[in-house]
Amino acid sequence: MSVLVVAEHLRGQVREVTYELVSAARSLGGPTVLAVIASDPGALDVNRSGVDEIVHVRVTQDEFESDVYQRALEALVEERQPQVVLLGFTVNGMGYAAAVAAKLGLGFASDVFAVSRDGDGIVATRAFYGSKVHGEVEFPAGRPVLLLLRPTAWPPAEGPGAATVSELALAPVASRARHKEFREVEKGDVDITTADFLLSIGRGIGEQENVAMFEELAGKLGATLSVSRPLVDAGWMSNARQVGQSGKTVKPKVYLAFGISGAVQHLAGMKTSETIIAVNTDPEAAIFDVAHYGAVADLFDVAEELAKLV
Amino acid sequence: MTTDGRDVDPDYLDRALNEWDACATEEAIRIRERLGDGEVVVVTVGDAQAEGALRRCLAMGADRAVRVDAEPLDPVSTARALAAAVAGESPDLVLAGVQSADSVQGSTGVALAELLGIARVAVVTRLEWSGAGPATVHRELEGGLVDVVEVDTPALLTIQTGINAPRYANLRAIKQAEQREIAVLTADPGEPAYRVRRMFPPPRGAGADLLDGSPAEVAQRILEIVRERLA
Amino acid sequence: MARNPKHDVLFEPIQIGPKTMKNRFYQIPHCNGFGSERPLSQAYFRAMKAEGGYAACCTEYCSISPESDDTHRVSARIWDDGDIRNLGIMCDMLHEHGALAACELWYGGPHAPCMESRCVPRGPSQIPSDFEYLTYSKEMDKDDIRDVQQMYVDAAKRARTAGFDIVYVYGSHSYLPQQFLTPYYNHRTDEYGGSLENRARFWRETIEQVKAAVGDDCAICVRISTDMFLGEAGTQLERDALPFVELVDHLVDVWDVNVSGISEWGEDATPSRFYPQGRQLPWQAAVKSVSKKPVLGVGRWTNPDAMVDAINSGKLDIIATCRPSISDPFLPQKIDEGRLDDIRECIGCNICISRWEIGGPPLICTQNATAGEEYRRGWHPERFEPAANADNDVLVVGAGPAGMECAMILGKRGMRRVHLVEAQDDMGGIMRWIPELPGLGEWARVVNYRKIQIDKLKNVEFIPDTRLDAQGVKEYGAEIVIVATGAYWATDGLNGATHDTIPGADASLAHILTPEQIMVEGKAVPGNRVIVFDNDGYFMGVSLAEKLALEGKQVTIMTPMGHIAPYMHFTLEAPNMHRKLHKLGVEIVTYHMPTRIEAGGVTASHVYDTDGHERSFETDAVVLVSQRRSNEALFRELKDVVGREALAEEGVHALYRIGDCEAPRLTADAIFSAHRLAREIDAPNPEVPLPFKRERRVPDAGSLEDDLRELQARREREAVPA
């Protein structure tokens, strides 16, 4: 079973999700082909363990453009006939993958977090109904399947690889949607609903005096401090920072929770966060049900160590 | 669950307009208001119960609503069901939500754009368009970086929440929307791009990847994850 | 939803003497203003908790004799057959729900003023009460001791006849048996005073006699204050309480353990302002360490995880609640069903207690408008009759406590659509900023609960950031309009003492502020010295004083009244509030009314001064907490300017107002007014509350005649002396 992975890059750097796709590809067995679509493909280091072949697709555009990646992927699929194509369920991936699937009549599924072989084909798992249920999906036989994989669901492939390198020529693509420039987003006032990174503390921190150390840690990490309701009840924090059913609903890129047990009302306010990391001394804490990463550890020890690292 | 274990029993489902579609509808209405001209048509694929969401859009101020009576299965077949209805409107702009709240496919819009043969940009957080010619949009990348894109029209844009605050409809508008006619079309979605084999409640605690080791090791790992996710 | 297995222990039955509780939820003795003389209100009130899952419910303190008469406060009474019959109704209703009935036998001694019975109470020593004044008791001799002990026995038998499963020999908070135990009350030199063994004798003997009389049929409960916080003179844990527990443990079936005396019983019924949940665990655990019997105790328990901890860590066997059972009688059932976000949590405001402290009124609850109304108005906290006029759309203007409550209840009654429209960006109204005052964080639960409930109601939509004027209301498209726009603090010093404004009081000036200006607008309090002029009577003045003092200001509270915050005496918050203000150096000036406010100072005169003396007070800022005014402009415009006819033309056929915008009042009452309107939205004239049931004797013709005949016979036996 051959698997085609398309690398993602931004401003000259390969994005981590690329290596996660390689891990996923390896788990399916069969040769893994990694395509790099760039103005200077050779400058991007993708030769990791697990990649059997690297295909350079030279294009004129420096940054991602949807029509370019669509044309390139279609050429790759036509030429290499992979059984499976893996992209990241990322903003870039969302920009062109479904177009390719529609054009070529491929099997298709997005936000997939588990995939395995199933006879001659594959089976993928994704969530449905607001993540309340999981579903296994299968695909039409006899044609390639294009999957968008959920970032962080696979570990990144590590270590140097021994891939061969080849080229695929592509006629220049005139994009209908053209990249003009990048802009950094200014951060305005503290609003936990717009923060990308929340460091959230709960009853587990114990005393009011301990709030300060987490405030400091948040500052060092570049995170915004948020809290669960007991701390607002106790008057330690304003409810502007409260995450939960009766506070604010947040969906940051990273939600790092210390000493939050995961009461239903709190989970309702944060469980759709992209990455949830929970540190709690109680292995039964409900927050571990929604967390992507969990550590059963002493919050203060971990917080102290984190502070040393930044 | 249904008896074949392949879906959730519909009796247990609540139907509502999801927040991405609300933002998309709001953005469309704002464009009409800014240009002082234009028609906002809302289209969906679904059964009669899907009309509630359409009426909500009408109450917000959309001009017309169309329902394609078909079952929305996967993004590609859903896009096929939509294609004829949308093409029939000859739109200058097609706005869709980035994703739906229930199945989070994040793909139907872009598939539709392909079938319509028009340009597209996904995950749009800002939209500027004079009413003719290319539009300038902001595409929001992971980590908050903005990609400024110029896109030829007609175009399909998938709209991200946060682009605007969707307006509320007062009771008068809601009542008026109840009375509006919704055109119903049929379409053939064609072959689905995937088929659900089974659905099941997620295993408890299966989610969390346990970070082991000393506090120092845990802290190290946490920092790596944070940096990667924000990059 | 199902119960979280973590909470299973709360639902394990437990044996107490000859009885079994089906789970670990116990409603501790507490007052409701109904006693034995409003028996149906009493019975329906207690039964609601049994329906909600409580395994045992107790009366309030239950007088065993006319000598123990707490009038003006309302206790239960078990003096005679009529009381047996009346309290028996409560027992029957509790039993129907599988709950045990408990009776807290009470003899008050010197604390009971006997203002109805006009009897003389008996006590261990003749020292007037620390809780009342002008109460003297007769110092008990041996005959008195035997007599009173017999009263306990007779009362216990009456309780058994009525159907009670548990009888108390109640000592805490400092009633007769505990008075004997405590040197503070007991200055005796005979075998009932002096050593611990002597001081314990009365209580021990009483327990023995009650147990002998009814112990085979009823569980014997002893309620003891393990520490009165009165130093050497009061009951102390190690010196008195624990040895006493060990002494009588073999006689007792279940211990009810608390702390505090009666004059500061806010140390037991802890306001959330000062104490967190589970405050008494150390004392409860201490008793558990020496007793072989089950121990129950209160702690303002609302969090099931904390309850489970208390039991699993061996500190308590049974979770007792008073106030959380008032705010949500269905607490046990909601935990059992895993519906934790439906729990209407107690906020620890003690408004319920304040009604008993005032003496007379039935209890009310800020969170639960149906508390006390179970019989009187037939309200059930979890059940709602579908509205007969449900096919109407409702606009509620204002999402403060009243607006939220009204929208929520209308939603639960199935109104077709309810739009709750709010000018600010979130629900809560005044309850958004009041919980920001020091110590009041838990009061935000008023908003938390309603937010979650409204979010669940498909027919209720919350629309923020929308300020509707009369035109907007008219055009909104609702058939029923309910205005809930709240109230504001007067900006001109208008007050209830002089019924006039205060010259120079103008909150548009930099040095004069109102509570909202400080808490909502963030208006700066200039300078260092602040005078808070307070004629409100409740917490606003002192809470702002505390906040400003904590920020480093030099604060003076000035009031024309003789006390600051008199209502806080009723909520048991006064002693600790005074301690706080004292520690913060807040000056208190009573009996003074400002006559003039200028930048730099306030001139005031003593309210009883008749010679025209004035005093000057230098200050940099003045905070006006003089009185509140309704925000009635919108309602007035709709009713008076737009008019009902014009509204009707737009389809609005009903216009009401609720809460503070009608008249400023306690949050409990604002929520009540909203709840009542929603319950009665389909009554013929919803603006006027439907009559409620009054429990009173209405003698029939026959009994009138009997009484008259008896009186006439007596007159004939009497002669008027020459």
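Predicted model, so just to flag it, every value in this text is computed and none were measured.

Novice: Quick question: what am I supposed to make of the overall build of chain B here?
Specialist: Of regular secondary structure, chain B possesses 6 helices and 10 strands. Overall, chain B is about 65 × 50 × 40 Å in size when its C-alpha atoms are taken along their principal axes. Put simply, chain B has 231 residues, and 48% of those count as buried. In chain B, the proportion of contacts linking residues at least 24 apart, taken out of those at least 6 apart, comes to 69%. Accessible surface computed for chain B: about 10400 Å², of which carbon and sulfur atoms make up 47%. Across chain B, 24 positive and 37 negative side-chain charges occur, with their mean positions spaced 3 Å apart.

Novice: Hey, could you run me through the overall build of chain C in this one?
Specialist: Along chain C, the regular secondary structure elements total 22 helices and 28 strands. The globule rule puts the C-alpha radius of gyration for 722 residues at 27 Å, and the 28 Å found for chain C is close to it. Along the first, second and third principal axes, the C-alpha set of chain C runs to 75 × 75 × 65 Å. Residues counted as buried form 62% of the 722 residues belonging to chain C. Partitioning the contacts of chain C with sequence separation of at least 6, the portion at a separation of at least 24 is 73%. Within the structure as shown, chain C displays about 27300 Å² of accessible surface, and the carbon and sulfur contribution to it stands at 49%. Averaging the coordinates of the 79 positive side-chain charges in chain C and doing the same for the 107 negative ones gives two points 2 Å apart.

Novice: When you look at the interface of chain B and chain C in this model, what are you seeing that I'm missing?
Specialist: When the parts of a complex come together, some accessible area is lost, and that lost area is often used as the size of the interface. Listed as interface residues are 10 residues of chain B and, on the opposing side, 17 residues of chain C. Between chain B and chain C, the buried area comes to about 1100 Å², and carbon and sulfur atoms account for 51% of it. The interface formed by chain B and chain C includes 5 salt bridges. Residues B:R56 and C:E461 are paired through a salt bridge, measuring 2.4 Å at the closest nitrogen-oxygen approach. Inspection of the chain B/chain C interface yields 7 residue pairs in polar contact (both at pLDDT 80 or more). With 5 residues, the top contributor of residues to the side of chain B that touches chain C is helix 5 (residues 171–179) of chain B. Across the side of chain B that touches chain C, the residue classes break down as 4 nonpolar, 1 polar and 5 charged.

Novice: For this particular structure, what's the right way to read unusual backbone geometry?
Specialist: Residues apart from glycine generally show negative phi values, whereas peptide bonds are mostly found in trans. Cis geometry marks the peptide bond from B:T153 to B:P154; its omega dihedral reads 0°. That bond from C:T71 to C:H72 is cis: its omega, 25°, falls within 30 degrees of zero. Mapped onto the elements, C:H72 comes out in the loop between strand 4 (56–63) and strand 5 (76–77). A positive phi angle is found at C:L134, which is not glycine, with a value near 60°. Structurally, C:L134 is set in the loop between strand 7 (122–123) and strand 8 (138–139).

Novice: What am I meant to see in a nonpolar patch on the surface here?
Specialist: A cluster of nonpolar side chains, contributed by C:Y591, C:V607 and C:Y608, occupies part of the molecular surface with about 310 Å² of accessible area. Its place among the elements puts C:Y608 in the loop between strand 24 (601–606) and strand 25 (615–618).

Novice: What is the right way to read the pairing of strand 15 (residues 417–421) of chain C from this model?
Specialist: The side chains of a regular strand alternate between both faces of the sheet. Residues and elements named next belong to chain C. The buried fraction of strand 15 amounts to 5 of the 5 residues, a majority that puts the element mostly inside the structure. The alternating pattern of strand 15 places R417, H419 and V421 on one face and V418 and L420 on the opposite face, and all of these are buried. Bridge count between strand 14 (residues 393–397) and strand 15: 5 bridges; the pairing is parallel. By the bridge assignment, V394 is partnered in strand 15 with V418. For the handedness criterion, the β-α-β arrangement of strand 14, helix 12 (residues 401–412) and strand 15 is classed as right-handed. Where strand 15 and strand 16 (residues 460–463) come together, 4 bridges link them in parallel fashion. Paired with L420 across the bridge in strand 16 is F462.

Novice: What's the story with the side chain of C:S41 in this structure? I'm lost.
Specialist: All names here are of chain C. Of note, S41 is situated in helix 1 (residues 39–51). Under the relative-accessibility criterion, S41 is labelled buried at 5%. Sequence-distant contacts of S41, that is, excluding residues within four places in its chain, are made with F34, Y375 and E695.

Novice: Explain the interface of chain A and chain B to me, please; I cannot follow it from the model alone.
Specialist: Contacts between chain A and chain B engage 87 residues on the former and 78 residues on the latter. Sorting the residues of chain A by area buried against chain B places A:Y129, A:E136 and A:R176 first, and these three jointly supply 11% of that buried surface. Applying the counting criterion to the chain A and chain B interface returns 12 salt bridges. Where chain A meets chain B, there are 31 residue pairs in polar contact (both at pLDDT 80 or more). The greatest single-element share of the side of chain A that touches chain B, amounting to 10 residues, is contributed by helix 3 (residues 91–104) of chain A. The residue inventory of the side of chain A that touches chain B, partitioned by class, reads 42 nonpolar, 18 polar and 27 charged. The pairing of strand 17 (residues 293–296) of chain A with strand 10 (residues 209–210) of chain B spans 2 bridges and is parallel. What sits directly across from A:Y293, in strand 10 of chain B, is B:D209.

Novice: Would you explain the sheet that holds strand 15 (residues 254–258) of chain A in this entry?
Specialist: Strand pairing in a sheet takes place through backbone hydrogen bonds and is either antiparallel or parallel in direction. Overall, parallel pairing links the 6 strands, which are arranged 14(A)-13(A)-15(A)-16(A)-17(A)-10(B) in an open sheet. Across the chains shown, the open sheet's two edge strands, defined by having one partner strand only, are strand 14 (224–227) of chain A together with strand 10 of chain B. Taken together, the 5 bridges between strand 15 of chain A and strand 16 (residues 275–280) of chain A define a ladder with parallel strand orientation. Bridging across to strand 16 of chain A, A:L256 finds its partner in A:I277. With respect to the sheet, helix 8 (residues 299–309) of chain A is in contact with strand 15 and strand 16 of chain A, its orientation differing from that of strand 15 of chain A by roughly 130°.

Novice: Even after reading the chapter, I still don't get the domain arrangement of chain C, so can you show me in this structure?
Specialist: All names here are of chain C. According to the domain assignment, chain C consists of domain 1 (5–358), domain 2 (393–486 + 631–679) and domain 3 (490–628). One C-alpha centre belongs to domain 1, the other to domain 2, and the line joining them spans 41 Å. Opposite the 15 residues of domain 1 that make contact, domain 2 presents 14 residues. Summed over both sides, the interface between domain 1 and domain 2 buries roughly 1300 Å², with carbon and sulfur atoms accounting for 51% of that surface.

Novice: What exactly am I supposed to notice about helix 5 of chain B here?
Specialist: Side chains three or four residues apart in an α-helix point the same way, a direct result of the helix having 3.6 residues per turn. If you check which residues of helix 5 of chain B are buried, you get B:L171, B:A173, B:I174 and B:A177. Down the axis of helix 5 of chain B, the buried set is contained in an arc of 165°. They therefore lie on one face. Facing away from the buried side of helix 5 of chain B by more than 90 degrees, the exposed set consists of B:Q176 and B:Q179. Where helix 5 of chain B is buried, its residues touch helix 2 (51–60) of chain B together with strand 14, strand 15 and strand 16 of chain C. Looking at where helix 5 of chain B begins, the residue whose side-chain oxygen comes 3.1 Å from the main-chain nitrogen of B:R172 is B:N170.

Novice: Even after reading the chapter, I still don't get the packing of helix 17 (residues 539–550) of chain C against helix 19 (residues 574–583) of chain C, so can you show me in this structure?
Specialist: In a pair of packed helices, the angle between the axes and the distance between the axes together describe the arrangement. Residue and element names in this part refer to chain C. Closest axis-to-axis distance for the helix 17/helix 19 pair is 10 Å, and the angle between their directions is 35°. The element helix 17 and its partner helix 19 pack so that their crossing is left-handed. Here helix 17 contributes V542, A545 and E546 to the contact with helix 19, which in turn contributes M577, K580 and L581. By residue class, the composition of the contact of helix 17 with helix 19 is 4 nonpolar, no polar and 2 charged.

Novice: How should the pattern of salt bridges be read in this particular structure?
Specialist: Where charged atoms of side chains with opposite charge meet at close range, the side chains can pair. The tally for this structure, following the rule as stated, stands at 109 salt bridges over all chains. With a closest N to O distance of 3.4 Å, B:R197 and A:E136 form a salt bridge. Highlighted residues: B:R197 in strand 9 (residues 195–200) and A:E136 in strand 9 (residues 133–138), drawn from two different chains. The exposure class assigned to A:E136 is buried, which follows from its relative accessible area of 14%. Here C:R714 and C:E718 are joined by a salt bridge, their closest N and O atoms 3.2 Å apart. Judged by its relative accessible area of 45%, C:R714 is partly exposed.

Novice: Looking at this structure, I do not really get the sheet that holds strand 22 (residues 587–589) of chain C. What am I missing?
Specialist: Residues and elements named next belong to chain C. In spatial order, the strands read 19-26-20-21-22; together these 5 strands make up an open sheet with parallel pairing. This sheet does not close on itself; its edge strands, each paired only once, are strand 19 (512–513) and strand 22. Direction of pairing for strand 19 relative to strand 26 (residues 621–625): parallel, over a ladder of 2 bridges. Each bridged residue has a counterpart across the sheet, and for L513 the counterpart in strand 26 is V623.

Novice: What's the story with the packing of aromatic side chains in this structure? I'm lost.
Specialist: Aromatic ring pairs are described here by two measures, namely the spacing of the ring centres and the angle between the planes. Within this structure, the stated rule accounts for 29 aromatic pairs over all chains. Aromatic side chains A:F64 and A:Y69 sit 4.7 Å apart centroid to centroid with 50° between the ring planes, which places their arrangement in the tilted category. For the residue pair A:F64 and A:Y69, the accessibility class agrees, reading buried in each case. Aromatic side chains C:F11 and C:F25 sit 5.5 Å apart centroid to centroid with 50° between the ring planes, which places their arrangement in the tilted category. Of this pair, C:F11 sits in the segment before strand 1 (14–16) while C:F25 sits in strand 3 (residues 25–27), and the two are 14 residues apart along the sequence.

The rules behind these values
Residues numbered from 1 in each chain as written. Chains lettered and ligands numbered in written order. Predicted model: local features only at pLDDT ≥ 70, side-chain atom pairs only at ≥ 80, totals over all residues. Heavy atoms only, no water. Helix = DSSP H or I, 4+ residues; strand = E, 2+ residues; numbered from the N terminus. Buried < 20%, exposed > 50% of the residue type's maximum accessible area, 1.4 Å probe, protein only. Contact = heavy atoms within 4.5 Å. Areas by Shrake-Rupley, 256 points an atom, 1.4 Å probe, with all protein chains shown as cover. Lys, Arg positive; Asp, Glu negative; His and termini not counted. Charge placed at Lys NZ, Arg CZ, Asp CG, Glu CD. Rg over C-alpha atoms; globule rule 2.2 N^0.38 Å. Buried area = accessible area lost by both parts, 1.4 Å probe. Salt bridge = Lys/Arg side-chain N within 4 Å of Asp/Glu carboxyl O. Polar contact = N/O pair within 3.5 Å; in protein donor to acceptor, adjacent residues only side chain to side chain. Nonpolar A, V, L, I, M, F, W, Y, C, P; charged D, E, K, R; others polar. Patch = residues over 30% accessible without salt bridge, like charges linked within 9 Å, V, L, I, M, F, W, Y side chains within 5 Å. Pairing = 2+ DSSP bridges. Right-handed = clockwise from strand over helix to strand, strands pointing away. Axes fitted to C-alpha atoms, helices over the stretch in contact; angles between N-to-C directions. Domains from an automatic or database assignment. Arc of directions from axis to C-beta. Left-handed = near helix turned anticlockwise from the far one by under 90°. Phe/Tyr/Trp six-rings, centres within 6.5 Å; stacked < 30°, edge-to-face > 60°.

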